[in-house]
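Residues per chain, in single letters:
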Amino acid sequence: MMKAAFSVLIFLVLLPGYAGADEQIPRYDLSVSFDIGKNLLKGIARITIPDEGKIEIIPGDLDILSVSLNGQPLEFQPAEGVFPIAGKGVVEITYEGTFSGEDMSRWKASRIPYDVISEAGISLSRRWYPAIGSLALFSLKAAVPEGYTAISSADRVTVLRKGREAEFSFPHPAQSIFLVAGKYVETEEIVEGTRVRAYFFHGNRSGAGRYMESARKYLTAYGKLFGSYPFESLTIAETVLPAGFSMPAAVVIGKDEMRHATLGERSFRRYIVSQWFGNSVYADMSGGNWADGLSAYLAYLRPEEEAGRGPQFRKRILVDYESYVNPAQEIALKDYQHATDFASAAIGYGKGAMIFHMLRNEVGEDAFYGALNTIGSKWRFQEVSWDDLRAAFEKTSESDLSWFFDQWLSGKGLLPLTVSDPGVFLDKGIQKVTFEVVQENEPYRFRLPMKMKTDRGEISDVLDVPKETKRIEIPVEGNPREVVFDSSYDLVRRLSDGERPPVIAKLIGDEKRILISSGRETQRYEKVVHALANEGFILKDEKDVKDEDIREASLLVLGFDSPVLKRLYGDFQERTKPGFSLIVRKNPLNLSKVVAAAGGPVTEDAPLLNDFFHYGEYSFVRVEDGIPREKTTTETRSGMSFELYEPVVVLQPRKAERLDDVMPSLLMTPIIYAGERHTDYEDHRVQLKIIRYLYEKGRKFAVGMEMFQRPFQKVMDEYLQGEITEREFLKRTEYFKRWQFDYSQYREIVEYAKAKGIPVIALNIRSEIIKKVSEAGLDSLSEDERKDVPESMDMSDEEYRDRLKGIFEGHRMRGNKSFDNFYQSQILWDETMAHSIDEFLSRNPDHQIVVLAGTGHLMYGSGIPQRAHRRNGRSFITILPEAPSLERDVANYVFFAEPEEPPVTFKLGIVANKTDDGLKIDQIVPRSIANAAGLEEGDIIVAMDDWKVGEVDDIRIFMSDKKRGDSFRISVLRKKFLFGYRPLELKAKI
């Protein structure tokens with residue numbers, strides 16, 4: 001017995017085909033019988049070769065028992081899966097094949113086989129007989145089990161039954177033949193002169209009625225569009241497999257299509273269209289399969305256009321392509337044969353449909369459908385190539401389309417289009433909008449739709465784009481506001497980041513996918529985990545997930561309480577909804593990936609995995625009692641859009657409110673964010689004014705300060721209670737090491753809080769952790785350091801990310817090489833402060849809190865405010881100083897305070913370095929306090945008055961409260977002439 005491997009095609013495949021039709025058509029007489037218990041088929045194929053012809057036997061995965069030509073045995077030795085036979089006469093092949101359907105749960109949802117022999121039924125549509133590389137006239141005899149009804153292609157439904165044997169004859173050249181069989185209930189109806197017979201399993205009478213009604217609708221509609229139905233009869237049959245297919249004069253409906261009415265209706269529409277294009281006019285596979293793309297266009301895209309949903313559907317096609325097709329899978333349309341998985345389906349059906357959409361736009365409606373009618377009537381039961389199609393469209397449009405077919409059939413992938421550097425300028429008094437159209441790799445010729453909004457209305461145009469990169473200038477009347485390119489998705493192009501929604505398809509199609517679960521969830525969803533592992537998901541425990549995993553893969557997280565989700569998004573609000581839900585969001589650490597979360601009860605009767613894989617276009621699907629109750633897709637931009645108008649904000653000082661006027665609005669607000677520029681003293685004076693107002697109004701509140709870090713809260717409390725001195729407070733909180741800005745900016749605030757008994761909350765995380773994350777990411781933290789990291793963090797705010805990226809790229813953030821790490825450190829900074837705020841309010845629900853932090857942490861609510869709100873839902877107000885932007889949502893209030901000089905902080909005037917001997921002076925600043933006191937280079941400072949000095953920060957702490965006219969002692973060690981040091985006490989005066 002000899003075998004040759006072949007790939008089974010999935011449910012998206014429409015029509016198998018074999019190239020190389022000759023003028024003389026071979027006859028192919030096939031006889032098969034079955035052993036259901038063994039899932040076994042036994043067959044005899046007799047192929048009559050006309051004249052001195054030649055055929056190629058393609059055995060596929062069959063066991064070939066014998067081959068003979070005109071009764072003479074042939075030695076069967078196929079080369080690369082093909083066995084050529086030349087001559088005239090009858091080739092007879094005996095063979096067997098096993099097509100098991102015992103464990104369909106192990107079949108990958110993305111690659112479902114088409115052939116099965118089981119007690120439930122028989123479905124055979126691919127390599128279930130030795131194929132030949134040409135058209136043939138087929139006849140079939142099938143001995144099926146008692147009680148089964150057999151269905152196959154037949155021009156007339158005249159099935160002759162001899163006991164359990166059924167005979168079928170198809171009198172037209174065809175590329176292949178199929179067979180389904182089962183225990184069916186039969187119905188029959190005449191539609192537009194066509195006999196329609198439906199065969200459905202017991203219990204599916206409603207489905208039979210639904211498809212009979214659809215047959216009436218589509219046979220009538222497409223008959224008007226393309227001429228009469230190509231055959232005298234149409235057979236509709238149900239199959240035991242999840243998905244169906246279309247064959248000449250027959251449509252087979254899969255189980256999934258029966259269960260999902262919308263899916264079934266869409267598939268059936270394409271199956272009927274294929275009766276005209278694919279099943280009666282065949283695609284010549286030697287130059288690529290055009291029939292899948294055309295049937296998808298006519299069955300899917302055209303109805304959506306008629307319903308006004310064309311742009312959304314075309315966008316979905318592009319999203320599917322980008323979700324399923326990675327660079328290694330990309331092929332040109334001229335090389336596409338059949339859909340074998342989601343990726344090839346996105347090429348053949350999706351990209352193919354888009355090519356026909358663009359062709360219709362190029363030649364016009366009349367020429368487009370005129371060519372299709374010519375093709376349908378002229379080349380019936382013949383193989384037609386892309387070149388034949390081009391000739392037909394050129395004839396009806398009277399134009400040369402060679403450039404169109406050459407570039408779109410030969411090019412791989414989607415149009416690599418980028419529009420960059422849009423702007424508005426005046427040229428000799430004429431206002432113009434300018435931009436650059438850039439194509440990567442091999443350039444295309446195409447027309448770029450454009451819409452421009454101005455203060456006088458909207459301008460629409462279609463721009464002829466040359467192949468080379470070119471700057472385009474467009475004169476504009478009025479003031480341009482926005483320009484949008486290809487908002488209706490008329491081009492088969494790459495999507496920009498802002499257009500790309502996070503969808504289930506991306507989870508299905510990603511090259512690397514990780515399934516994240518805890519031990520409890522893995523046990524709870526055991527069957528789902530097993531099925532996903534079979535789909536190629538890598539299983540990881542949630543405790544073992546690193547940033548590298550998140551960046552490199554799309555994730556599916558089981559359970560909405562996973563620490564991975566809290567680390568990325570803070571929380572998933574959808575978790576409270578009943579039923580089983582799958583939610584997909586963009587991956588904050590890699591926007592080209594997605595993160596999905598799934599949770600809820602899994603019932604035995606809900607085929608969960610396959611169900612969700614049918615909803616690839618959605619971002620959220622919720623199933624309850626086996627029925628999809630909700631399906632939504634995250635909204636994204638339509639087209640490549642660019643803002644051209646930046647309004648100039650004008651304030652009217654006479655109408656502006658004073659800070660005193662808005663103070664009453666603060667009294668009942670739980671959280672007040674008072675922003676600052678750290679070195680601007682007037683900002684701190686405004687902060688103090690707010691604090692004093694609340695105190696004087698008798699409010700119970702605390703002051704939260706970004707400047708102090710959480711591990712030093714106890715030291716802060718000790719100082720406020722008078723247990724330690726200010727110097728000890730600054731020393732033990734390591735203020736100058738960790739914040740560095742002059743303490744005189746904050747002294748008045750801290751001292752007021754101390755005097756009035758107002759709690760002060762250290763909000764910030766340890767600076768060592770921020771520095772470490774900024775350099776190497778969250779994964780670099782030790783287990784002990786991770787204890788300081790909030791469990792809940794939201795990294796999904798794309799606008800905040802974009803603002804931080806602008807800051808990062810503008811300043812390179814002190815040499816930090818990785819924006820991702822910088823971004824994580826900023827989120828950690830914000831989330832820790834939000835956590836500290838929430839922690840205080842949770843313990844003190846009757847208090848307010850005034851938060852003092854830099855404006856960057858507060859603008860637009862992105863940094864701290866929304867993160868604290870996510871945790872506790874408490875309302876807040878933001879008050880910012882002279883924000884860099886006065887957009888409406890930058891803050892609740894923006895204040896403009898007169899500049900003030902902070903209290904003077906005096907410097908000793910030395911450059912010193914900590915050594916093993918002590919703090920050694922390297923340099924004395926001329927005309928400084930140190931110079932006047934007689935300090936010398938090489939002196940080691942021991943103390944200032946009674947304050948011990950061991951490092952430079954000790955001097956900064958000592959000098960922080962000095963005033964002009966103050967005197968103090970400086971104890972030093974000065975080097976002797978030969979060896980050692982001698983103690984010396986010097987007097988200094990400010």
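In this text the structure is predicted, and so the values were computed from the model without any measurement.

Procedures and definitions
Residues numbered from 1 in each chain as written. Predicted model: local features only at pLDDT ≥ 70, side-chain atom pairs only at ≥ 80, totals over all residues. Heavy atoms only, no water. Phe/Tyr/Trp six-rings, centres within 6.5 Å; stacked < 30°, edge-to-face > 60°. Helix = DSSP H or I, 4+ residues; strand = E, 2+ residues; numbered from the N terminus. Buried < 20%, exposed > 50% of the residue type's maximum accessible area, 1.4 Å probe, protein only. Lys NZ or Arg CZ within 6 Å of the ring centre and 35° of its normal. Pairing = 2+ DSSP bridges. Axes fitted to C-alpha atoms, helices over the stretch in contact; angles between N-to-C directions. Lys, Arg positive; Asp, Glu negative; His and termini not counted. Salt bridge = Lys/Arg side-chain N within 4 Å of Asp/Glu carboxyl O. Contact = heavy atoms within 4.5 Å. pLDDT = per-residue confidence, 0-100. Expected span 1.5 Å × (residues − 1).

Draft legend 1. Structural view of the packing of aromatic side chains. Following the criterion strictly, the structure yields 49 aromatic pairs and no others. Their ring planes at 80° and their centres at 5.8 Å tell us that phenylalanine 178 and phenylalanine 245 sit as a pair that is edge-to-face. In this pair, phenylalanine 178 sits in the loop between strand 12 (165-169) and strand 13 (179-182) while phenylalanine 245 sits in strand 17 (residues 245-247), placing the two residues 67 residues apart along the sequence. Considered together, phenylalanine 178 and phenylalanine 245 belong to a single accessibility category, that of buried residues. Ring geometry for tyrosine 184 against tyrosine 199: centres 6.1 Å apart, planes inclined by 65°, an arrangement best described as edge-to-face. Residue tyrosine 184 is found in strand 14 (residues 184-191), and its partner tyrosine 199 is found in strand 15 (residues 194-201); the two are separated by 15 residues along the sequence. With respect to burial, tyrosine 184 and tyrosine 199 carry one shared label: buried. An aromatic cluster of at least three residues, connected via ring pairs, comprises Phe170, Phe200, Tyr211, Tyr218, Tyr222, Phe226, Tyr229, Phe231, Phe268, Trp276, Phe277 and Phe381. Over the aromatic face of tyrosine 569 sits the side chain of arginine 585, whose NZ or CZ is 5.4 Å from the ring centroid. Geometry around tyrosine 823 places arginine 801 over its ring, the cationic atom sitting 4.8 Å from the centre.

Draft legend 2. Highlighting the sheet that holds strand 22 (residues 430-439). The three strands lie next to each other as 21-22-25, forming an open sheet whose pairing is antiparallel. Every interior strand has two partners, whereas the edge strands, strand 21 (417-427) and strand 25 (470-475), have only one. Across the sheet, the axes of successive neighbouring strands diverge by a mean angle of 25°, strand direction being ignored. In the sheet, strand 22 pairs with strand 25 via six bridges, with the strands oriented antiparallel. Of the residues in strand 25, the one forming a bridge with lysine 432 is proline 475.

Draft legend 3. Up close: the sheet that holds strand 34 (residues 640-643). In space, the four strands of this open sheet follow the order 24-23-26-34, with antiparallel pairing throughout. The open sheet has two edge strands, strand 24 (457-465) and strand 34, and neither has a second partner. Neighbour to neighbour, the strand axes of the sheet diverge by 20° on average, direction disregarded. Here strand 23 (residues 446-454) runs beside strand 24; their pairing, made up of nine bridges, is antiparallel. What sits directly across from methionine 452, in strand 24, is isoleucine 459.

Draft legend 4. Focus on the side chain of aspartate 838. Secondary-structure assignment places aspartate 838 in helix 25 (residues 819-843). At 5.2 Å, arginine 871 is the nearest oppositely charged side chain to aspartate 838, a buried residue that forms no salt bridge. Those residues in contact with aspartate 838 that sit more than four places away from it in its chain are Arg871 and Asn872.

Draft legend 5. Fine view of unusual backbone geometry. Positioned with a positive phi, asparagine 39 is a non-glycine residue whose angle comes to about 55°. Mapped onto the fold, asparagine 39 is located in the loop between strand 1 (27-35) and strand 2 (40-58). Positive phi, close to 55°, is recorded for glutamate 398, a residue that is not glycine. Its location among the elements puts glutamate 398 in the loop between helix 8 (386-397) and helix 9 (402-410). Look at glutamate 398 and you get exposed, because its relative accessible area is 73%.

Draft legend 6. Expanded view of the confidence of the model for the protein. With 93% of its residues at a pLDDT of at least 70, the protein reaches an overall mean of 89. This stretch, residues 1-22, has a pLDDT under 50; its non-local contacts, to residues over four places away or in other chains, come to 109 contacts.

Draft legend 7. Highlighting the pairing of strand 33 (residues 627-632). Here strand 32 (residues 620-624) pairs with strand 33 via five bridges, running antiparallel. In the strand pairing of strand 33, arginine 622 is matched with glutamate 630. Linking two consecutive strands that pair antiparallel, namely strand 32 and strand 33, is a turn of two residues; a positive phi of about 55° is found at aspartate 625 within it.

Draft legend 8. Region of interest: the pattern of salt bridges. Throughout the structure, instances matching the rule amount to 75 salt bridges. Among the salt bridges present, the one from lysine 731 reaches aspartate 954, with a minimum N-O distance of 2.6 Å. You can see lysine 731 sitting in helix 19 (residues 726-732) and its partner aspartate 954 sitting in helix 28 (residues 952-959), a full 223 residues away along the chain. A residue is classified by how much of its surface remains accessible, and aspartate 954, at 2% relative accessible area, is buried. Here the salt bridges do not stand alone but share partners, grouping Lys731, Lys737, Glu951, Asp953, Asp954 and Arg956 into one network.

Draft legend 9. Inspection of the environment of arginine 445 at higher detail. Mapping arginine 445 onto the fold places it in the loop between strand 22 and strand 23. Judged by its relative accessible area of 42%, arginine 445 is partly exposed. Residues arginine 445 and arginine 969, spaced 524 residues apart in sequence, show a C-alpha to C-alpha distance of 83 Å. For arginine 445, the residues in contact, after removing those within four places along its chain, are Trp403, Gln407, Trp408, Val465 and Lys467.

Draft legend 10. Inspection of helix 1 (residues 205-226) at higher detail. Between the first and last C-alpha of helix 1 there are 31 Å, a value that for 22 residues agrees with the 32 Å anticipated at 1.5 Å per step. For helix 1, the set of buried residues is Gly207, Ala208, Tyr211, Met212, Ser214, Ala215, Tyr218, Leu219, Tyr222, Gly223, Leu225 and Phe226. In the segment just after helix 1, glycine 227 is the residue with positive phi, at about 95°.

Draft legend 11. Structural context of the pairing of strand 26 (residues 480-485). For strand 26, a buried count of five out of six residues is recorded, marking the element as mostly surrounded by other parts of the structure. Two strands pair when backbone bridges link them, and strand 23 and strand 26 are joined in this way by five bridges, in the antiparallel orientation. Across the sheet, the residue bridging to threonine 454 is proline 480, located in strand 26. Note: strand 26 against strand 34, four bridges, orientation antiparallel. Bridge pairing in strand 34 places phenylalanine 485 opposite methionine 640.

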